[in-house]
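Chain and residue survey
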Amino acid sequence: MLLRSLCLALLLPLPALASDMADGGSCRNGAFPSDQSNFAQARVIGAQRLYLLDDMNGCPRKGEAACRHGTYVVNGDTVISGRDLGRYRCVFFPNKVGGSAGWVDKARLQKLPTRTPVLTDWAGHWRSGDDSLVIRVQGNALSVEGDAYWPSANPSPEQRPGGPNMGQVAARAVPEGEKVVFSEDMCEVRAQWLGDALLVADNTECGGMNVRFNGVYRLK
């Protein structure tokens, strides 16, 4: 009986990991700031290309050859890292046209040192696609004016005959370390400063249907 119990205990982590892979394995662009945690900047190490892996159809557990979706990073590139899933870590690689998210082998990442931002670090015109946040310093606080759109700011008549759904936020808040929460009526926008990036997620109450401020924002 004791031997049987020990064997069952050893087997338990395997189904748990499989369940995580199937149900908790989301790692994709639009949901990156809301589905992830433990954000940090990391440098890619190692000589070989590091491909970003998909999060569906059994990926990333099937491995690089079966799961890579074309985007890759190389030694010295800087990515934004999120949560872990077994041997993998979800990362976002910013580029000039937005960026790409995917799972990578966390052994290929070297965490970079961080610092607490001063108020002026937050200030500027931050953009993620068509969505924008303009942050200004007001005394010991920050003010924000933001606009978000779905499916885009200028959808085609075929996409959205009546024009885009829109959302707005205008609020003032005092940051705590590298994080700040802007609230206006029912709308809540959470932001984390991470060097040249701003990780933003909202509570789904900031505009029309499907409108979200979620994104990795960069200074314009």
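In every chain, residue numbers begin from 1 and rise along the written sequence. Given that this is a predicted model, residues contribute local features only at a pLDDT of at least 70 and side-chain atom pairs are listed and counted only at 80 or more, while totals for whole chains, interfaces and linings are drawn from all residues. With hydrogens and water set aside, each side-chain value is computed from the structure's full complement of heavy atoms.

What follows covers the state of the cysteines. Two cysteine sulfurs form a disulfide in these notes if their separation is within 2.5 Å. Summed over the entire model, instances satisfying the criterion amount to three disulfides. Disulfide pairing places Cys 187 opposite Cys 206 at an S-S distance of 2.1 Å. Taking the torsion about the S-S bond as the criterion, the Cys 187 to Cys 206 disulfide, at about 90 degrees, is right-handed. Linking Cys 187 in strand β13 (residues 187-194) with Cys 206 in the loop between β14 (197-202) and β15 (215-219), this pair joins segments that are 19 residues apart in sequence. We classify Cys 187 as buried; its relative accessible area is 5%. Note on Cys 206: relative accessible area 5%, which makes it buried. Put simply, DSSP marks the helices as runs of H or I at least four residues long and the strands as runs of E at least two long, and each gets a number from the N terminus on. When a residue's accessible area, from a 1.4 Å probe over protein chains only, is under 20% of the maximum for its type it is buried; when over 50% it is exposed; and in between it is partly exposed.

A word on the packing of aromatic side chains. Stacked, edge-to-face and tilted are the three classes for Phe, Tyr and Trp ring pairs, Trp counted by its six-membered ring, which pair at centre distances within 6.5 Å; planes under 30 degrees apart are stacked, over 60 edge-to-face, the rest tilted. Tallied over the full model, the rule gives three aromatic pairs. Aromatic side chains Tyr 51 and Tyr 72 sit 5.4 Å apart centroid to centroid with 55 degrees between the ring planes, which places their arrangement in the tilted category. Residue Tyr 51 is found in strand β2 (residues 50-53), and its partner Tyr 72 is found in strand β3 (residues 68-73); the two are separated by 21 residues along the sequence. Classification of Tyr 72 by relative accessible area gives partly exposed; the value is 32%. Of the aromatic side chains, those joined through ring pairs into one cluster are Phe 32, Phe 39 and Phe 92. Criterion for a charge above a ring: Lys NZ or Arg CZ within 6 Å of the ring centre, and within 35 degrees of the ring normal. Here Arg 68 stacks its cationic end above the ring of Tyr 51, 4.2 Å away from the centre of that ring.

What follows concerns the nonpolar core. Side chains of a nonpolar character, in soluble globular proteins, are inclined to be buried together. Of all hydrophobic cores here, the largest spans 22 residues; its most connected members are Trp 122, Leu 133, Phe 182, Val 189, Leu 198, Val 200 and Phe 213. Those elements giving two or more residues to this core turn out to be β9 (131-138), β10 (141-150), β11 (165-173), β12 (179-184), β13 and β14. Examining the composition of this core, we find that four residues originate from one element, β13, more than from any other. Residues contacting Phe 182, with those up to four places away along its chain left out, are Leu 142, Ser 143, Val 144, Ala 171, Arg 172, Ala 173, Cys 187, Glu 188 and Val 189. Buried Ala, Val, Leu, Ile, Met, Phe, Trp, Tyr and Cys residues that are joined via side-chain atoms within 4.5 Å together make up what is termed a nonpolar core. Tyr 51, Trp 103, Leu 194 and Val 216 belong to the second largest nonpolar core, which has 18 residues in total. Whether two residues touch is decided by their heavy atoms; if any such pair falls within 4.5 Å, the residues are in contact.

In this section: the sheet that holds strand β8 (residues 124-128). In spatial order, the strands read β11-β10-β9-β8-β15-β14-β13-β12; together these eight strands make up an open sheet with antiparallel pairing. With partners counted over all chains shown, the strands left at the sheet margins are β11 and β12, one partner each. Along the sheet, successive strands turn relative to each other by an average axial angle of 20 degrees, direction set aside. Two strands pair if DSSP finds at least two bridges between them. Here the axes come from fitting lines to C-alpha atoms, over the contacting stretch only for helices, and the angles between their N-to-C directions go from 0 to 180 degrees.

The salt bridge definition used is simple: a Lys or Arg side-chain nitrogen within 4 Å of an Asp or Glu carboxyl oxygen. The final tally for this structure, using the stated rule, is nine salt bridges. Among the salt bridges present, the one from Asp 105 reaches Arg 87, with a minimum N-O distance of 3.0 Å. Residue Asp 105 is found in strand β6 (residues 98-105), and its partner Arg 87 is found in the loop between β4 (78-85) and β5 (88-95); the two are separated by 18 residues along the sequence. For Asp 105, a relative accessible area of 22% puts it in the partly exposed group. Here Asp 196 ties to Arg 218 by a salt bridge, and the two come within 3.1 Å at their closest N and O atoms. Taken together, the residues span a long stretch of sequence, with Asp 196 in the loop between β13 and β14 and Arg 218 in strand β15 at a distance of 22 residues. Judged by its relative accessible area of 42%, Asp 196 falls in the partly exposed class.

By themselves, these observations are geometric and do not establish any function.
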